[in-house]
Amino acid sequence: MVKEQLTTERNELYKEQFDMLSIGTTEYPYMAKFFENEIFPHLPAQGHFLDVGCGRGNYARPFSEYFTQTTVVEVNEVYFNEVTAWISAQGRNINGYNRDWLEVTLGDVQLDLVLMSHVLYYIDADKRSRFIRKAYDLLKPGGYQVIVLNSEGCGIRKVYKEFYPQDEYEAMPSGEAMAALLRDEGRYPHIEERIFPAEITVESHHAMEMLIDFLLLRQVPFETEAQIAHRSQYVKNNLLCDDGQYIMDSEGTMIILRKPS
Ligand SMILES: C[S@@+](CC[C@H](N)C(=O)[O-])C[C@H]1O[C@@H](n2cnc3c(N)ncnc32)[C@H](O)[C@@H]1O
């Protein structure tokens, strides 16, 4: 996969497209309740929360209210600046790194909760295991790490299958594939896997095309007439609903790791 240069222009476009997805998805309201009811009550304490690849702060913003300390790591400087400024303006404790997680040194911290939501798509396959383990090693006994990815059979993976070459499709991690890998490593005594429902709704054909471009990590150049027509047909045939809305099934899989007490 060719990595995009993280220019300010690219980061602003990323923000525009991911903002659209974040507003149109059912995932974040669902997950907020899930964390509140099924994760927070079981943490050792609501002390230190680490959000790796926090993006627009779909979790970091609301969760910072519940933790004594929040740390965010985010490579996109537009999002990083916005999220850290917003949390700090609420008078909450925020620490942040505008850097690749693998290059961050957190020092001697003890984390209660780590979140890696939809970030592993951007990490080379040979680094994913280290990316996860680096945060797990900083958890307190009894602490939790939650990794969120697309589920194997969801509509987003159908888009990958349609537009990516086979090898790139297979290289994109699903929650199920990542969980199997972590189980094979044999280093995580408590691994739970949960599928959750989600869909993304957008109002126009053009918005859905932009969403497809974003989900493909802009790795498919929609430049030629044939490529543009292919995407347009796909949207019409698979994502247009009777009521005129455009809906993508974005079912996800959570991997929940708990460090032994
Ligand atoms: C799809 S967004 C998900 C954002 C957020 N976690 C959520 O679920 O709403 C993935 C984010 O991970 C960030 N990211 C990608 N690679 C990263 C890395 N190596 N270290 C830190 N952040 C990274 C991207 O810039 C992007 O904002």
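Conventions and cut-offs
Residues numbered from 1 in each chain as written. Predicted model: local features only at pLDDT ≥ 70, side-chain atom pairs only at ≥ 80, totals over all residues. Helix = DSSP H or I, 4+ residues; strand = E, 2+ residues; numbered from the N terminus. Rg over C-alpha atoms; globule rule 2.2 N^0.38 Å. Buried ≥ 20, exposed ≤ 12 C-beta atoms within 10 Å, placed from the backbone. Contact = placed C-beta atoms within 7 Å. Expected span 1.5 Å × (residues − 1). Near = placed C-beta within 6 Å. Nonpolar A, V, L, I, M, F, W, Y, C, P; charged D, E, K, R; others polar. Pairing = 2+ DSSP bridges. Axes fitted to C-alpha atoms, helices over the stretch in contact; angles between N-to-C directions.

## Some thoughts on the overall build of the protein
Here is step 1: When helices and strands are tallied, the protein shows 10 helices and nine strands.
Here is step 2: In terms of overall size, the protein behaves like a compact globule, its C-alpha atoms giving a radius of gyration of 18 Å where 261 residues would be expected to give roughly 18 Å.
Here is step 3: Residues classed as buried in the protein amount to 36% of the 261 residues present.
Here is step 4: Taking all contacts inside the protein whose residues are at least 6 apart in sequence as the whole, residues at least 24 apart take part in 73%.

## Observations regarding helix 4 (residues 77-89)
Side chains that are three or four residues apart share a direction in an α-helix, a result of its 3.6 residues per turn.
Here is step 1: With 13 residues, helix 4 extends 18 Å between its outermost C-alpha atoms, agreeing within 8% with the 18 Å of an ideal straight helix rising 1.5 Å per residue.
Here is step 2: Of the residues making up helix 4, those classed as buried are V78, Y79, F80, V83, T84 and I87.
Here is step 3: Elements in contact with the buried residues of helix 4: helix 1 (8-24), helix 3 (60-63), strand 2 (69-73) and strand 3 (94-97).
Here is step 4: Phi for G91, located one or two positions after helix 4, is positive at around 80°.

## Some remarks on the environment of E170
Here is step 1: For E170, the position within the fold is in helix 7 (residues 166-171).
Here is step 2: Counting along the chain gives 140 residues from E170 to Y30, while the straight-line C-alpha distance between them is 28 Å.

## Observations concerning the site of the ligand
Here is step 1: Surveying the vicinity of the ligand reveals 18 residues, the closest of which are G53, G55, N58, S117 and Y122.
Here is step 2: Classifying every residue of the shell around the ligand by side-chain character gives 10 nonpolar, six polar and two charged.

## Considerations on the pairing of strand 8 (residues 246-249)
Here is step 1: The side-chain alternation of strand 8 yields one buried face, formed by Y246 and M248, and one unburied face, formed by I247 and D249.
Here is step 2: As judged from the four bridges shared by strand 7 (residues 199-202) and strand 8, these two strands associate in the antiparallel manner. Bridge pairing in strand 8 links T201 to I247.

## As for the sheet that holds strand 5 (residues 139-150)
Here is step 1: Judged by pairing direction, the sheet is mixed, and its seven strands sit side by side in the order 3-2-1-4-5-9-6 without closing on themselves. Because the sheet does not close on itself, it has two edges, and the strands there are strand 3 and strand 6 (190-196). On average, adjacent strands in this sheet sit at an angle of 15° to one another, irrespective of strand direction.
Here is step 2: Pairing between strand 1 (residues 48-52) and strand 2: five bridges, direction parallel. Residue pairing across strands places F49 opposite T70, the latter belonging to strand 2.
Here is step 3: Along the sheet, helix 8 (residues 175-185) contacts strand 5, strand 6 and strand 9 (252-258); its crossing angle with strand 9, the most-contacted strand, is approximately 25°.

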